[in-house]
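Fold and geometry: a report
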Amino acid sequence: ATTGLYAIDLACFWHPKNIWICGLDFYQSKYFAKEKLHVGIKQNARREEKMMKNLYEITKRDSDIKFHLFTGSKNVKSTSNLRVTHV
């Protein structure tokens, strides 16, 4: 997990009706372009998979909360209580 996912998990503790998430890009944004190519691509793909899995698990666990995600990642998909807006 990452600090972004920890923050989402912590916000769920108070059982809000909605959680708005901005900037969780699953390592798809250009700010990671400076990583070494041979290391960065494989590591980022694994991180992305783990992060998405964790996010989906949180949203499934807290199905009474509506999550709204604004992201640059095209790989994350909306679910019943996760609305994804690709920016």
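Structure shown above.
One numbering rule holds for all chains: residues counted from 1, following each sequence as written. Confidence filtering applies because this is a predicted model: local features only for residues at pLDDT of at least 70, side-chain atom pairs given and counted only at 80 or more, and all residues used for totals across whole chains, interfaces and linings. Note that the side-chain values use all heavy atoms of the structure and ignore hydrogens as well as water.

1. Re the pattern of salt bridges
Between side chains of opposite charge, pairing is possible as soon as their charged atoms come close. By convention in these notes, a salt bridge is any Lys or Arg side-chain nitrogen within 4 Å of a carboxyl oxygen on Asp or Glu. Tallied over the entire structure, the rule returns three salt bridges. Among the salt bridges present, the one from Glu 57 reaches Lys 53, with a minimum N-O distance of 3.8 Å. Of the two residues, Glu 57 and Lys 53 are both situated in helix H2 (residues 37-61); the distance of four residues between them amounts to about one turn of the helix. The class for Glu 57 is partly exposed, based on a relative accessible area of 41%. Connected via shared salt-bridge partners are Asp 9, Arg 61 and Asp 62. Helix and strand assignments come from DSSP, with helices taken as H or I runs of at least 4 residues and strands as E runs of at least 2, each series counted from the N terminus. Type-normalised accessible area, obtained with a 1.4 Å probe on protein chains alone, sets the label of each residue: buried when under 20%, exposed when over 50%, and partly exposed for intermediate values.

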